[in-house]
2 protein chains.
Amino acid sequence: MAENVAGTEDRILDLAELLIRKNGYNGFSFRDIAAGIGVKSASVHYHFPTKAALGARVAKRYTDRFLDTLGDPDKAPEDANAVIDKVRALFRSAMLEDGRVCLCGVLAAESAGLPDEVAAEAKAFFTRLTNWLCAALSRTTWGKDQPAEAVRTQALRAVALFEGGLLIARIQNDTDLFDLL
Amino acid sequence: MAENVAGTEDRILDLAELLIRKNGYNGFSFRDIAAGIGVKSASVHYHFPTKAALGARVAKRYTDRFLDTLGDPDKAPEDANAVIDKVRALFRSAMLEDGRVCLCGVLAAESAGLPDEVAAEAKAFFTRLTNWLCAALSRTTWGKDQPAEAVRTQALRAVALFEGGLLIARIQNDTDLFDLL
DNA sequence: GTCTATAATTTGATAGAC
DNA sequence: GTCTATCAAATTATAGAC
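In this report, the structure presented in the accompanying data block is examined. (Residues numbered from 1 in each chain as written. Chains lettered and ligands numbered in written order. Predicted model: local features only at pLDDT ≥ 70, side-chain atom pairs only at ≥ 80, totals over all residues. Heavy atoms only, no water.)

1. A look at the nonpolar core
Phase 1 of the analysis: Core analysis: the biggest nonpolar cluster contains 132 residues, and A:Phe91, A:Leu133, B:Phe91 and B:Leu133 have the highest contact counts within it.
Phase 2 of the analysis: Apart from the residues lying within four places of it in its own chain, the contact partners of B:Phe91 are B:Phe66, B:Cys102, B:Phe125, B:Leu129, B:Phe162, B:Glu163, B:Leu166 and B:Phe178. (Core = buried A, V, L, I, M, F, W, Y, C linked by side-chain atoms within 4.5 Å. Buried < 20%, exposed > 50% of the residue type's maximum accessible area, 1.4 Å probe, protein only. Contact = heavy atoms within 4.5 Å.)

2. Section: the protein's contact with DNA strand D
Phase 1 of the analysis: Neighbouring residues of DNA strand D: 16 residues in total, closest A:Arg31, A:Lys51, B:Lys40, B:Tyr46 and B:His47.
Phase 2 of the analysis: The sugar-phosphate share of atoms of DNA strand D within 4 Å of the protein amounts to 57%.
Phase 3 of the analysis: Note that a phosphate oxygen of DNA strand D is positioned 3.4 Å from one of the side-chain N or O atoms of A:Ser29.
Phase 4 of the analysis: Mapped onto the surface near DNA strand D, the elements with two or more residues apiece are helix H2 (30-37) and helix H3 (41-47) of chain A together with helix H3 (41-47) of chain B.
Phase 5 of the analysis: A per-element tally of the surface near DNA strand D places H3(B) first, with four residues.
Phase 6 of the analysis: Class assignment for the residues of the surface near DNA strand D results in six nonpolar, six polar and four charged. (Near = heavy atom within 4 Å. Polar contact = N/O pair within 3.5 Å; in protein donor to acceptor, adjacent residues only side chain to side chain. Helix = DSSP H or I, 4+ residues; strand = E, 2+ residues; numbered from the N terminus. Nonpolar A, V, L, I, M, F, W, Y, C, P; charged D, E, K, R; others polar.)

3. Points about the side chain of A:Ser41
Residues and elements named next belong to chain A.
Phase 1 of the analysis: Structurally, the position occupied by Ser41 is in helix H3.
Phase 2 of the analysis: Its relative accessible area of 19% is what places Ser41 among the buried residues.
Phase 3 of the analysis: Not counting chain neighbours up to four residues away, the residues in contact with Ser41 comprise Phe30, Arg31 and Ala34.

4. Side note on the state of the cysteines
Phase 1 of the analysis: Under the defined criterion, the tally for this structure stands at zero disulfides over all chains.
Phase 2 of the analysis: Between A:Cys102, a cysteine without a disulfide, and A:Cys104, which holds the nearest cysteine sulfur, the sulfur-to-sulfur distance is 5.2 Å. (Disulfide = S-S within 2.5 Å.)

Below is the structure:
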């Protein structure tokens, strides 16, 4: 029964992810985290020595989970639109579940002022997601006949569209806008 | 000859815009601004009483300039692709001129933690840009025969694509990625 | 593993002299 | 319009007791 109770480390990661997605990396503090989970900021430092280390871990966990949900690209649908829709649905659920945008979209927006290790993890998100889309799309009936560059362009367009769509839907406070994309 | 020398207020706005586009609203301070233009932070407060007031003014000026460059939508091209390309070129030049993303894209990413007056100006950017695109597109040979909703969807897709594209191009440190969109 | 206490710095903002 | 001086609060981070 006790396995369901998240440890302090996971609770820190959960709250940090939520706060970054809401306010950005520069928009939360160790004290926000500590207060939110009911400990002191020194305890947060025990688990994550620096803010950069925490940010990097949050981004890595987010990316791992995102790609884990997508699964094996070799088992993705054979219809190209279905592949795109699979990714669209994942971005969409991130938006609806907690009304937040993509963590790595936020980090990308701030990236020029981010600690290197955080920026590197955010960059990896886009590399890995684009690679997954390329792999999945090149198996589809559409992609089989396409040069690699055309597949890559489609993958990039999809990611850019969804990232931008989340930003617009959020600031316009209208989640329906995302579904028009 | 002296007309070319920007006043303190404009120099504050210029630097604030650059810093927000680089690090986000929470990623710059009045002292950063002051040091950058060679005054003290109290002088910055003389021109802009609060950080929120400065942020809002930066966003409004950015939006005004953006739409001013686009010009009258009734004089936009009659080819729909040319209209989209006009907007694409504007986003692209923002990226190339100073290697930065769209100011309001950054603000949108942080919007949940922004002062109301700043968030309102960022929101207005997307409203005004989308409206411009709707007006311009509905005049095109393509748009003339389309229902308003289809035109609006196209407009939103274009803005989302370019905003997302800027974010990806910047974090991947590859401006060429934007041109694939 | 969490706490108290605190250091060192930075932040947004104000008062008042010039 | 810009300055010096300063405030109160918040920030990341550390030392050491429990």
